[in-house]
Amino acid sequence: PGPRQVPAGALTQRSAVTFSFMLTLSVSISVGFLLLWHVYLTCTNQTTIEFYVNQDERRAGRDHGYVFRNPFDLGLRRNWQRVYGNVPWYLAVLPSLRPPPPPLYPFSLLALTDVLSKGPRRRRPPPPP
C-alpha cells in the first residue's frame, strides 16, 4: 500500500499539535521578554517613559562630555524594596491581599446605566411662530 491520502485542507492531529506548540512557544518567548524588561525596569527603578527620557539624557550627556546617572536608582536591593516593599521576593510576586483603594471620584453604576438607558439628549425644535 502507498502513502495514505489526506483530503486537501484537512488538519491532521500532528499538524494541530505542531501548530499549538509553535503558538505556545511564540507567546511564551514574548511574555518572557516582557518579564525580563519589567525586571530590568524594577532593578533600575524606572518606568517605561522614564527609561526613554533617561536614554535621551544619557545620549545628551555623552555628546556633551558628562555621564548621566538616574537620580532615582538606589541600587538593586533598595529599588526592589521601593517597588515591592520589604518582603521576600517570593511573596512580592504573589497577588496582594490588600483591598483596592477607594475611587478618587464617586461613581455609581446605577447612575451610569440610568444615563445610558435614556439615550443621547436631543434638543427640541423651537415652537412655530
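The notes below deal with the structure included here. (Residues numbered from 1 in each chain as written. Predicted model: local features only at pLDDT ≥ 70, side-chain atom pairs only at ≥ 80, totals over all residues. Heavy atoms only, no water.)

Looking at the overall build of the chain
- Each helix and strand in the chain was counted, giving five helices and zero strands.
- Going through the 129 residues of the chain one by one, you find that 9% of them count as buried.
- Long-range pairs, those at least 24 residues apart, make up 49% of the contacts in the chain with a sequence separation of at least 6.
- Carbon together with sulfur atoms contributes 66% to the accessible area of the chain, which is approximately 12400 Å² in total. (Helix = DSSP H or I, 4+ residues; strand = E, 2+ residues; numbered from the N terminus. Buried < 20%, exposed > 50% of the residue type's maximum accessible area, 1.4 Å probe, protein only. Contact = heavy atoms within 4.5 Å. Areas by Shrake-Rupley, 256 points an atom, 1.4 Å probe, with all protein chains shown as cover.)

Re the packing of helix 1 (residues 13–43) against helix 3 (residues 76–84)
- Packing of helix 1 against helix 3 brings their axes to within 8 Å, and their N-to-C directions diverge by 105°. Viewed along their axes, helix 1 and helix 3 adopt a mutual orientation that is roughly perpendicular. On helix 3, the residues touching Val 39, Thr 42 and Cys 43 of helix 1 are Leu 76, Asn 79, Trp 80, Val 83 and Tyr 84.
- Within the contact of helix 1 with helix 3, the residues separate by chemical class into six nonpolar, two polar and no charged. (Axes fitted to C-alpha atoms, helices over the stretch in contact; angles between N-to-C directions. Parallel < 35°, antiparallel > 145°, perpendicular 65-115°, else oblique. Nonpolar A, V, L, I, M, F, W, Y, C, P; charged D, E, K, R; others polar.)

Re the packing of aromatic side chains
- Inspection of every chain in the model, using the stated rule, returns five aromatic pairs.
- When the centroid spacing of 6.2 Å and the interplanar angle of 85° are considered together, the rings of Tyr 40 and Phe 51 count as edge-to-face. With Tyr 40 in helix 1 and Phe 51 in helix 2 (residues 48–64), the pair connects residues that are eleven residues apart, well separated along the chain.
- An aromatic cluster is built from Trp 37, Tyr 40, Phe 51 and Tyr 52, whose rings are joined through pairwise contacts. (Phe/Tyr/Trp six-rings, centres within 6.5 Å; stacked < 30°, edge-to-face > 60°.)

Digging into helix 1
- The end-to-end C-alpha distance of helix 1, which contains 31 residues, comes to 44 Å, matching closely the 45 Å that a straight helix rising 1.5 Å per residue would cover.
- In the segment just after helix 1, Asn 45 is the residue with positive phi, at about 55°. (Expected span 1.5 Å × (residues − 1).)

Details of unusual backbone geometry
- Of note in this structure, Asn 45 is not a glycine but carries a positive phi near 55°.
- Assignment of secondary structure puts Asn 45 in the loop between helix 1 and helix 2.
- The class for Asn 45 is buried, based on a relative accessible area of 11%.

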